[in-house]
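Analysis of the macromolecular model
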Amino acid sequence: MHDIERLIDTLANALRAALAARAASAPALVGVHTGGVWIAERLRERLDLPGPIGTLDISFYRDDFTRVGMNPQVRPSHLPFDLEGRHVILVDDVLHTGRTTRAALNEIFDYGRPASVLLAVLVDRGGRELPIAADAVGAHVDLAPGENIKLTGPDPLKLTIQKRP
Amino acid sequence: MNPASIQLDAQGRLKHFLTIEGLKRQHLIDILDTAESLTGVAERRVKKLPTLRGKTVANLFFESSTRTRTTFELAAKRLSADVLTVNIATSSTSKGETLLDTVRNIEAMQCDMFVVRHAASGAAEFIARHVRPHIAVLNAGDGRHAHPTQAMLDMLTIRRHKGPAFQDLRVAIVGDILHSRVARSDIHALNVLGCANVRVVAPRTLLPPEVGTLGVQVFHDLDQGLRDVDVVIMLRLQRERMSGALLPSAQEYYQQYGLTEERLAVARPDAIVMHPGPINRGVEMASAVVDGPRSVILEQVTNGIAVRMAVMSITLGNQSSPAEDA
């Protein structure tokens, strides 16, 4: 349904502009497992950023832990660089309620105090429940009630809209 | 109901952790994977996760323990829980009734999890049957029965060194199998994970009568038992066993079953040596092995924190909140 590569181009251009506006040099990419990591890898190529990508699994930071329990597919968070004083680009595939972003921000600050954090998302599907906005967006998507958008990958990356069961 | 079923909810998810028996491979893999993702927490600026913020964990230690108690305590703290450690002197007269009284009192302090260490087999299960539905119970060692978090930290240590293919490993457990809850839980965990070559090495007097049903090969000779193994798990020999009729003398035991660098030569060159602690140096193994290049004993302690964090977050996450019960 969507040309992913074009969406990533749009996202990369928006991110370039956001980084320039903030005069953020030598930014570090941090992707949220799993889709955010795939997008962060593409952005690293597009923006020609050196250095490794950080990965976050926010399972231990979720606000619905006592309601839904532990995600059994939890993966290690791995930030192979010092965050202290760095400009951080936080990357996720889909921005919806903002709760994942809230959890990711909390986790980032347990690793250090970044100079700033920019939020880059492939798709903003609306439906925010927290005061969180993206700094760079690949596409805004309007969904009908009960619909969900999901990124699958990593090769090829594919966005699909599905009816929630 | 058996202990295996009481620790699972209607969906088959772990809500208490009492024994390895009755668990499926996927339960153990989930614990190991979750623990693996928690091993990096200690290297961060903030060595803490917010997962159990606002939860209270009560460590009920009816039997003394340093390593297990402190690592459970640290695990709870690294998950942001509040921790209460109660050392309850064991009296020979302690009965189910007094145990239940203790439980009711701690329950009245609005705790969310009990970590139980008790000299009586089945104590943690007894408590799990009697607590309010939202409370998770973890077995930190009950009599000769089980020590499931020790087994899981042993499995994590093995997997981190040898990879996930347990079916290809040869594992020898050496020493006092008869009195060892660690040995029982390790054997069950290795069986569930598909390890087909589990050996126990011990004198006849230190083997349980049901050893034939445990899915292990029995060796009475250390050199035969250690041949080509990938993993050696040494057990603590309690000194009081030597005063009884079970063993002739410490020297004789050490000659026959004590692990030295020379004895270890028949194992695979990359074999690892484990011990649940506390170690009797010079009784079950030589200091040179304890401190040697193949020893992963201190890694076991570190891995114990991650495993206990994993079990705590999995079981408490699977407990329905009190509000939802109402």
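Scoring rules and cut-offs
Residues numbered from 1 in each chain as written. Chains lettered and ligands numbered in written order. Predicted model: local features only at pLDDT ≥ 70, side-chain atom pairs only at ≥ 80, totals over all residues. Heavy atoms only, no water. Phe/Tyr/Trp six-rings, centres within 6.5 Å; stacked < 30°, edge-to-face > 60°. Lys NZ or Arg CZ within 6 Å of the ring centre and 35° of its normal. Salt bridge = Lys/Arg side-chain N within 4 Å of Asp/Glu carboxyl O. Helix = DSSP H or I, 4+ residues; strand = E, 2+ residues; numbered from the N terminus. Buried < 20%, exposed > 50% of the residue type's maximum accessible area, 1.4 Å probe, protein only. 1 Å grid on protein atoms, 1.4 Å probe; cavity = no way out; pocket = protein on both sides within 12 Å on 5 of 7 lines; lining within 4 Å. Points joined across faces, edges and corners; volume = space filled by probe spheres on them. Nonpolar A, V, L, I, M, F, W, Y, C, P; charged D, E, K, R; others polar. Core = buried A, V, L, I, M, F, W, Y, C linked by side-chain atoms within 4.5 Å. Contact = heavy atoms within 4.5 Å. Buried area = accessible area lost by both parts, 1.4 Å probe. Polar contact = N/O pair within 3.5 Å; in protein donor to acceptor, adjacent residues only side chain to side chain. Pairing = 2+ DSSP bridges. Axes fitted to C-alpha atoms, helices over the stretch in contact; angles between N-to-C directions. Expected span 1.5 Å × (residues − 1). UniProt positions renumbered as here; feature names shortened; annotations may be inferred. Parallel < 35°, antiparallel > 145°, perpendicular 65-115°, else oblique. Left-handed = near helix turned anticlockwise from the far one by under 90°.

Considering all chains together, one arrives at one aromatic pair over all chains under this definition. The side chain of A:Arg86 reaches across the aromatic face of A:Phe81, ending 5.6 Å from its centre. One cation-aromatic arrangement involves B:Arg44 over A:Tyr111; the distance from NZ or CZ to the ring centre is 4.5 Å.

Attention shifts here to the pattern of salt bridges. All names here are of chain A. Counting across every chain of the model gives 25 salt bridges over all chains. With its nearest N and O atoms 2.8 Å apart, the salt bridge here joins Arg 99 to Glu 129. With a gap of 30 residues between them, Arg 99 in helix H4 (residues 99-111) and Glu 129 in the loop between strand S4 (116-124) and strand S5 (136-140) connect regions that are remote in the sequence. Judged by its relative accessible area of 34%, Arg 99 falls in the partly exposed class. A relative accessible area of 48% means that Glu 129 is categorised as partly exposed.

Of the voids in this model, the largest pocket is the one considered here, and its volume is about 1300 Å³. Along its surface, the largest pocket is lined by 44 residues, and A:Arg62, A:Asp92, A:Asp93, A:Val94 and A:Thr100 are the ones closest to its centre. Looking at the lining of the largest pocket, the elements that each hand over two or more residues are helix H2 (35-47), helix H3 (65-68), strand S3 (87-95), H4, strand S6 (147-152) and strand S7 (158-163) of chain A. For the lining of the largest pocket, the per-class residue count stands at 14 nonpolar, 15 polar and 15 charged. Looking at the second largest pocket, its volume works out to about 820 Å³. Contributing to the lining of the second largest pocket are 40 residues, with B:Val182, B:Arg236, B:Pro276, B:Gly277 and B:Pro278 lying nearest its centre. Looking at the lining of the second largest pocket, the elements that each hand over two or more residues are helix H3 (67-78), helix H6 (148-162), helix H7 (181-192) and helix H12 (297-318) of chain B. Here the lining of the second largest pocket takes seven residues from H12(B), the largest share from any one element. Taken together, the residues that form the lining of the second largest pocket break down as twelve nonpolar, 16 polar and twelve charged.

Within the largest apolar cluster, 91 residues are counted, with the highest numbers of intra-cluster contacts made by A:Leu56, A:Leu90, B:Phe17, B:Val115, B:Ile173, B:Leu190 and B:Met312. By residue number, the principal contributor to this core is H12(B), which donates nine residues. Those residues in contact with B:Val115 that lie beyond four places of it in its chain are B:Val57, B:Ala58, B:Asn59, B:Leu60, B:Phe61, B:Phe72, B:Leu138, B:Ala140 and B:Met312. Of all hydrophobic cores here, the second largest spans 32 residues; its members include A:Ile4, A:Leu49, A:Val123 and A:Ala139.

All right, on to the interface of chain A and chain B then. Counting residues at the interface gives 19 residues for chain A and 22 residues for chain B. Both sides of the chain A and chain B interface together cover about 1600 Å² of buried area, and 59% of this is carbon and sulfur. The three residues of chain A that bury the most area against chain B are A:Phe60, A:Phe65 and A:Asp110, which together make up 37% of that side's buried surface. Joining chain A to chain B, the criterion identifies two salt bridges. Note that B:Arg44 is salt-bridged to A:Asp110, the shortest N-O span being 3.6 Å. Viewed at the interface, chain B and chain A are joined by four residue pairs in polar contact (both at pLDDT 80 or more). Among the elements of the structure, H3 and H4 of chain A are those that each provide at least two residues to the side of chain A that touches chain B.

All names here are of chain B. Pairing is parallel across the open sheet formed by five strands, whose spatial order is S7-S6-S5-S8-S9. The open sheet has two edge strands with one neighbour each: strand S7 (217-219) and strand S9 (272-274). On average, each strand axis in the sheet is tilted by 20° relative to the strand beside it, whichever way the strands run. As judged from the three bridges shared by strand S6 (residues 197-201) and S7, these two strands associate in the parallel manner. When the sheet's bridge partners are listed, Arg 199 is paired in S7 with Gln 217.

Further remarks concern the sheet that holds strand S2 (residues 54-56) of chain A. Residue and element names in this part refer to chain A. Judged by pairing direction, the sheet is parallel, and its five strands sit side by side in the order S2-S1-S3-S4-S5 without closing on themselves. A strand with exactly one partner marks an edge of an open sheet, and here the two such strands are S2 and S5. Each strand axis lies, on average, 25° off the axis of its neighbour in the sheet, ignoring direction. Here strand S1 (residues 28-32) pairs with S3 via four bridges, running parallel. Note that in S3 the partner of Val 30 across the bridge is Leu 90. Seen against the sheet, H2 touches S1, S2, S3 and S4 and runs at an angle of roughly 150° to S1. The sheet contacts of H4 involve S1, S2, S3 and S4, and relative to S3 the element is tilted by about 155°.

An α-helical turn contains 3.6 residues, so a residue and the one three or four places further along point in the same direction. Residues and elements named next belong to chain A. In a regular helix each residue adds 1.5 Å, so 13 residues correspond to 18 Å; H2 covers 18 Å between its end C-alpha atoms and thus fits that length. All of the buried residues in H2 are Gly 35, Gly 36, Val 37, Trp 38, Ile 39, Ala 40, Arg 42, Leu 43 and Leu 47. One or two residues past the end of H2 sits Asp 48, with phi positive at roughly 55°.

With numbering aligned to this structure, UniProt lists the feature "domain: Phosphoribosyltransferase" (unreviewed entry) at residues 6-137 of chain A. Summarising residues 6-137 of chain A: 35% helix, 21% strand, and an end-to-end C-alpha distance of 12 Å.

Here we take up the UniProt feature "binding site: L-aspartate" (unreviewed entry) in chain B. All names here are of chain B. Within the UniProt annotation, "binding site: L-aspartate" (unreviewed entry) is assigned to Lys 95, Arg 181 and Arg 236. Set against the second largest pocket, the annotated residues named above that line it are Arg 181 and Arg 236. Position of Arg 236 among the secondary structure elements: in the loop between strand S8 (231-234) and helix H9 (240-243). If we ignore the near neighbours within four places in the chain, the residues touching Arg 236 are Asp 176, His 275, Pro 278, Asn 280 and Glu 284. Within the local environment of Arg 236, its side chain forms a polar contact with the backbone oxygen of Pro 278, the two atoms lying 3.2 Å apart.

All names here are of chain B. Contact pair H6 / H7: the axes reach a minimum separation of 8 Å and the direction vectors enclose 55°. Relative to H7, the element H6 is oriented oblique. Considering the relative orientation of H6 and H7, their crossing is right-handed. Residues Pro 148, Gln 150, Ala 151, Asp 154, Met 155 and Ile 158 of H6 touch H7, and the partners they reach there are Val 182, Ser 185, Asp 186, Ala 189 and Leu 190. When the residues that make up the contact of H6 with H7 are grouped by side-chain class, the tally is seven nonpolar, two polar and two charged.

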